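Spelled out, the chains give:
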Amino acid sequence: MVVPIREINMKRLRMRLKHPFATSFGTMEHKEFFLLEAKDGEGNSGFGESAAFTEPWYTEETVETTRHMLEDFLIPILQKNQVHHPDEVTELFRAVRRNNMAKAAIEGAVWDLSAKREGLPLSRALGGEKRKIDVGVSIGIQPSVKDTLDVVERYLREGYKRLKLKIKPGWDIDVLREVRRCFPEAPIMADANSAYTLEDIDHLRQLDDLELLMVEQPLGADDIIDHANLQAAIRTPICLDESITSLEDATKAVELGSCKVVNLKISRVGGLTEARRIHDYCQEQGIAVWCGGMLEAGVGRAHNIALTTLPQFVLPGDTSGSSRYWEKDIIQPEVTATDGEIVVPEQPGIGFQLDEEAVRSFTVEEKTFDF
Ligand SMILES: O=C(O)CCC(=O)C1=CC=C[C@@H](O)[C@@H]1C(=O)O
Ligand SMILES: [Mg+2]
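Criteria and thresholds
Residues numbered from 1 in each chain as written. Chains lettered and ligands numbered in written order. Predicted model: local features only at pLDDT ≥ 70, side-chain atom pairs only at ≥ 80, totals over all residues. Heavy atoms only, no water. Pairing = 2+ DSSP bridges. Helix = DSSP H or I, 4+ residues; strand = E, 2+ residues; numbered from the N terminus. Contact = heavy atoms within 4.5 Å. Axes fitted to C-alpha atoms, helices over the stretch in contact; angles between N-to-C directions. pLDDT = per-residue confidence, 0-100. UniProt positions renumbered as here; feature names shortened; annotations may be inferred. Buried < 20%, exposed > 50% of the residue type's maximum accessible area, 1.4 Å probe, protein only. Arc of directions from axis to C-beta. Domains from an automatic or database assignment. Buried area = accessible area lost by both parts, 1.4 Å probe. Salt bridge = Lys/Arg side-chain N within 4 Å of Asp/Glu carboxyl O.

Asker: Could you clarify how one ought to interpret the sheet that holds strand β6 (residues 163-166) in this entry?
Answerer: What holds strands together in a sheet is hydrogen bonding between their backbones, with the strands either parallel or antiparallel. One open sheet holds the seven strands; their spatial order is β5-β6-β7-β8-β9-β10-β11, and the pairing between them is parallel. Two strands in the sheet have a free side with no partner beyond their single neighbour: β5 (137-139) and β11 (288-291). Its contacts with the sheet place helix α5 (residues 145-158) against β5 and β6, and it is angled at close to 160° to β6.

What follows is the structure, given as structure tokens:
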């Protein structure tokens, strides 16, 4: 059966974050992204959301490279080829190297459209069975240790099941030690976004006293060799984020012993199909997986919820409620987390409606591609 695409609409949105998000690279105050809508001409629309930031600090992609890839390469590939199942999109896109975030944005729209045409929730179309998912929060670098403790206390009170604290040289062991002292049982972890090198090995060894769930991406963004050396030297499990962009990367990292946990982001690996393949491989290997966030608006958040229903997502993801990020989200109802859990929608596709008025208010550019 063909997934007939008759039109793709591409809107560029700009939304202000409720709270600036600070990492080892800088502070984000806005999120700019593309909302992709794939229409079948029979009244169904599938939605996808791009993840790349305006600057290339997390990966090499940006909002502008996403636009270039979508307009000039990826959408034209879909205009020229029929798709029978969303998995085929990944194969068609192999003609374009990397640019995973641009690929994932449109692949997600095709997955949503296909699930809606089958009358299935996206979670079921992917093979997921969970009715509720566990979620945590990612906490940016705060102005002070006191602020950090206040934020940690608030999120623990709200019931979030995993707290990720951003670290960087000069803002790491001492802060984490203070958090651990005040909250001896809290499920905390740290994310360094590649801020260290193997020269810091003695410094990083101190993490082992802090009973962290894991430390995320301490070393180079495309490294798996140094991470294997570091993992052999520390007890704290290493979780890889930036380094894993494909099933092949995941296989090599696991075989080398570079990590014990994988942060799986749909956008970073080029879409839901590749994310599911990595999930299945990690399940076979007994590697714990959780779903990372990219400060998504509602559509991206809905995709994350659907993926997290797969069984090897054994650790809480970053997918906290919409209101943590936005005064107003672009979906109805907004995503809500209660006691660290999100109920998985049962309606076909992503299971949320677009809030047309909100979308309109955040749209700064729009383009339509006919098929
Ligand atoms: O979506 C969220 O809640 C934030 C997730 C988050 O921690 C990150 C998103 C994007 C880049 C990074 O700063 C960081 C990460 O590396 O996982
Ligand atoms: Mg990370």
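What follows continues from the structure just given.
Asker: Is there a simple way to think about the confidence of the model for the protein chain in this case?
Answerer: A residue-level look at the protein chain finds 100% of positions with pLDDT of 70 or above and a mean pLDDT of 97. Interface predicted TM-score (ipTM) for the complex: 0.97; the corresponding pTM is 0.97.

Asker: Explain the sheet that holds strand β3 (residues 45-49) here, please?
Answerer: If you walk across this open sheet you meet the four strands as β3-β2-β1-β15, and the pairing is antiparallel. On the outer flanks of this sheet lie β3 and β15 (363-370), each paired with one strand and no other. With direction set aside, neighbouring strand axes in the sheet form an average angle of 25°. With seven bridges joining them, strand β1 (residues 7-23) and β15 adopt antiparallel strand pairing. Its bridge partner being in β15, Ile8 is matched across the sheet by Phe369.

Asker: Explanation requested: the UniProt feature "domain: Mandelate racemase/muconate lactonizing enzyme C-terminal" (unreviewed entry) in the protein chain in the structure shown.
Answerer: UniProt records the feature "domain: Mandelate racemase/muconate lactonizing enzyme C-terminal" (unreviewed entry) for residues 145-237 in the present numbering. When the span residues 145-237 is considered, its composition is 41% helix and 11% strand, and the gap between its end C-alpha atoms is 24 Å.

Asker: So what exactly am I meant to see when it comes to helix α9 (residues 247-256) here?
Answerer: Of all the residues in α9, the buried ones are Ala250, Ala253 and Val254. Within α9, the buried residues cover an arc of 95° as seen down the axis, which keeps them to one side. Exposed and oriented more than 90 degrees from the buried face of α9 are Glu248 and Glu255. Buried residues along α9 sit against β9 (238-240) and α10 (272-285). Downstream of α9 by one or two residues, Gly257 has phi in the positive range, about 80°.

Asker: Even after reading the chapter, I still don't get unusual backbone geometry, so can you show me in this structure?
Answerer: Glycine aside, negative phi is the norm for most residues, and most peptide bonds take the trans geometry. Of note, the bond from Gln332 into Pro333 is cis; its omega dihedral lies within 30 degrees of zero at -15°. Note on placement: Pro333 falls in the loop between β12 (331-332) and β13 (341-343). The backbone of Gln217 shows a phi angle near 40°, a positive value even though the residue is not glycine. On the basis of relative accessible area, Gln217 is assigned to the buried category, the value being 0%. Look at Leu295: it is not a glycine, yet its phi comes out positive at around 50°. Topologically, Leu295 is positioned in the loop between β11 and α11 (298-308).

Asker: Please explain the environment of Ala275 as it appears in this structure.
Answerer: Checked against the element boundaries, Ala275 lands in helix α10. With relative accessibility at 0%, the residue Ala275 sits in the buried group. Taking C-alpha positions, Ala275 is 8.2 Å from Leu307, a pair spaced 32 residues apart along the chain. Dropping the residues within four chain positions of it, Ala275 is found in contact with Leu264, Val269 and Leu307.

Asker: Would you mind showing me how to read the domain arrangement of the protein chain here?
Answerer: When the parts of a complex come together, some accessible area is lost, and that lost area is often taken as the interface size. If you check the domain split of the protein chain, you get domain 1 (7-120 + 353-370) and domain 2 (124-343). Measuring from the centre of the C-alpha atoms in domain 1 to the corresponding centre in domain 2 gives 23 Å. On the side of domain 2, 46 residues touch domain 1, which itself brings 44 residues to the contact. The three residues of domain 1 that bury the most area against domain 2 are Lys18, Phe21 and Tyr58, which together make up 19% of that side's buried surface. The residue Lys328 makes a salt bridge to Asp355 at a minimum N-O spacing of 3.0 Å. Mapped onto the side of domain 1 that touches domain 2, the elements with two or more residues apiece are β1, β2 (26-39), β3, α2 (87-92), α3 (100-118), β14 (353-354) and α12 (356-362).

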